[in-house]
Amino acid sequence: LAASMTLDAGNTDKLAMFAAEARKSGIRVLPPCVNASAVEFIAEPPKKAEAHGAIRYALAALKNIGASAVETIVESRNAKGSYKSLSDFAARINTKAVNKRALETLAAAGAFDAFEPSRALVYANVEGMIALANRISDNAALGTSDLFGGAGDSAATLDLKAAEAWTPMDKLQKEFDAVGFFLSGHPLDQY
């Protein structure tokens, strides 16, 4: 199923069909994650209590995000280890490859849920992430260190501005816009 999903990554109708088939077969379809997802869909082994493994959603299958942006994110993770926080992620991204729209898509799809469970908070702070990334990139190009952040990229911090939480329906709609179908739930689940 993961290979079939990778093959049809650009066709959200087929992806929704494959995801539904996986759920019927007892295979979980995990949301995208900047620390666990790859460019393609990947099969994850089963955990102790599970009969089947899971399929991790591919970052490249999200809407409004290019292959170069995804490759940049995955290459940085592979080279320097997993991202530890939003600040760490922002400090390591290349804003020439990963733009505002791509970050908004990642936030709406839940790719940052491991760091910050509030997708609305991440979505509202995308511009701050880009500003931090640009500041670190400019400082590195000039050979200077950040006045308040210390000597290295890891010392730079992102000041998150408050954001109003999304309602469950808003969260599902934003996820639908980013993924192309309802991945973590459905609007009719409550009924």
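Fair warning: this is a prediction, and the values are worked out from it, not measured in the lab.

A.B. asks: Quick one: what's the story with the packing of aromatic side chains, residue by residue and with numbers?
C.D. replies: Going through the model one piece at a time under the given rule, you end up with 7 aromatic pairs. Relative to Phe112, the ring of Phe89 has its centre 5.0 Å away and its plane inclined at 75 degrees; by these criteria the two rings are edge-to-face. Separated by 23 residues along the polypeptide, Phe89 in helix H4 (residues 86–92) and Phe112 in the loop between helix H5 (100–109) and helix H6 (119–124) bring together distant segments of the chain. Note on Phe112: relative accessible area 2%, which makes it buried. Through a chain of ring-to-ring contacts, the aromatic side chains of Tyr83, Phe89, Phe112 and Phe115 assemble into a single cluster.

A.B. asks: Can you lay out the pattern of salt bridges for me, pointing to particular residues and giving the numbers?
C.D. replies: Inspection of every chain in the model, using the stated rule, returns 6 salt bridges. Measuring nitrogen to oxygen at the nearest pair gives 3.1 Å for the salt bridge that ties Glu44 to Arg56. One end of the pair, Glu44, is in strand S2 (residues 42–44); the other, Arg56, is in strand S3 (residues 54–56), with 12 residues separating them in the sequence. According to the relative accessible area criterion, Arg56 is buried, its value standing at 14%. One salt bridge connects Arg92 with Asp88, and the closest N-O pair in it is separated by 3.0 Å.

A.B. asks: Which residues make up the packing of H5 against helix H8 (residues 168–179), and what are the values?
C.D. replies: Closest axis-to-axis distance for the H5/H8 pair is 8 Å, and the angle between their directions is 125 degrees. As the angle between them shows, H5 and H8 are arranged oblique. With respect to the hand of their crossing, H5 and H8 are arranged in left-handed fashion. Residues Thr105, Ala108 and Ala109 of H5 form the contact with H8, whose participating residues are Lys174, Glu175, Ala178 and Val179.

A.B. asks: Give me the packing of H5 against helix H7 (residues 126–142): which residues, what numbers.
C.D. replies: Two elements in contact, H5 and H7, have axes whose closest approach is 9 Å; the angle formed by their N-to-C orientations is 130 degrees. Considering their axes alone, H5 and H7 lie oblique with respect to each other. Here H5 and H7 pass one another in a crossing that is right-handed. Contact residues: H5 offers Lys100, Leu103 and Glu104, while H7 offers Val126, Glu127, Met129 and Ile130. The class makeup of the residues in the contact of H5 with H7 is 4 nonpolar, no polar and 3 charged.

Calculation rules
- Residues numbered from 1 in each chain as written.
- Predicted model: local features only at pLDDT ≥ 70, side-chain atom pairs only at ≥ 80, totals over all residues.
- Heavy atoms only, no water.
- Phe/Tyr/Trp six-rings, centres within 6.5 Å; stacked < 30°, edge-to-face > 60°.
- Helix = DSSP H or I, 4+ residues; strand = E, 2+ residues; numbered from the N terminus.
- Buried < 20%, exposed > 50% of the residue type's maximum accessible area, 1.4 Å probe, protein only.
- Salt bridge = Lys/Arg side-chain N within 4 Å of Asp/Glu carboxyl O.
- Axes fitted to C-alpha atoms, helices over the stretch in contact; angles between N-to-C directions.
- Parallel < 35°, antiparallel > 145°, perpendicular 65-115°, else oblique.
- Left-handed = near helix turned anticlockwise from the far one by under 90°.
- Contact = heavy atoms within 4.5 Å.
- Nonpolar A, V, L, I, M, F, W, Y, C, P; charged D, E, K, R; others polar.

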